[in-house]
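An overview of the molecular structure
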Amino acid sequence: MKRRKLAIATLTAAVLAGGGTAAAFAVQNGDGDGDRDDAAQARAAKVTVSQAIDTALGAAPGTVTGAGLDDAAWEVDIHGRDGARHDVTLDAATGKITSTERSDGDGPAPSAKDAPVTAARAAEAAESAVPGTVTSVELDRADGPGDALVWEAEVQGLDGREHELSVDAKSAKVSTEARKAAGAESDGDADEHGDPGDHDGDRDRDGGDDD
């Protein structure tokens, strides 16, 4: 839980400082145990990310820059109206706030002009694109000109897989590439290694057939 809070703090500092992309939650690709744990947590959570965000904002009014499910708890990161950063933790089964931590702010919250799409709205968009349970939403900066703000969302899909999506912080549009990424992972792995029966590819890399 502390590791996730450290990741959120690192991401927030990078976003508000105008830095490059910083991923708050890394998906452990290939970690079967981790995937099963994530799926189990998603099934056990009775409180949705939107409900957790609403409750957290009631305790610490401000702007949410991230929320994630970890160890059967929702952890919500808020840039408070008081200028401080608040980390609010809620029980994912009951919605009860179990702890709040306050620290000095590390910059102004993203403006409504730069990120009019809220965390809750981004979660809704992600779940509409990939039916399932949203397990995290984090404000980040996309690679490319302008370093536009995006919401990086993770969804535990009804298909049993974890999906990573990018939601535009201005339009709530879900990245088509991100939506296809999860389905392309297995295909990408096959393409990377090539067709086991394609020996011509091996000869091409070796410089051609022997005379």
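A brief look at the structure comes next. (Residues numbered from 1 in each chain as written. Predicted model: local features only at pLDDT ≥ 70, side-chain atom pairs only at ≥ 80, totals over all residues. Heavy atoms only, no water.)

Attention now goes to unusual backbone geometry. Located in the positive-phi region is Asp71, a residue other than glycine, with phi close to 55°. Within the secondary structure, Asp71 sits in the loop between strand 1 (62-70) and strand 2 (73-80). Among the residues examined, Asp71 registers a relative accessible area of 48% and is labelled partly exposed. Positive phi outside glycine occurs at Ala172, with the angle close to 70°. As for its placement among the helices and strands, Ala172 is situated in the loop between strand 7 (162-168) and helix 5 (176-193). (Helix = DSSP H or I, 4+ residues; strand = E, 2+ residues; numbered from the N terminus. Buried < 20%, exposed > 50% of the residue type's maximum accessible area, 1.4 Å probe, protein only.)

Attention shifts here to the pattern of salt bridges. Inspection of the entire model under this criterion finds 2 salt bridges. Arg85 serves as the salt-bridge partner of Asp77, at 3.6 Å between the closest nitrogen and oxygen. Each member of the pair Asp77 and Arg85 is classed as buried. Note that Arg102 is salt-bridged to Asp82, the shortest N-O span being 3.6 Å. With Arg102 in strand 4 (residues 97-104) and Asp82 in the loop between strand 2 and strand 3 (84-91), this pair connects stretches of sequence that are 20 residues apart. (Salt bridge = Lys/Arg side-chain N within 4 Å of Asp/Glu carboxyl O.)

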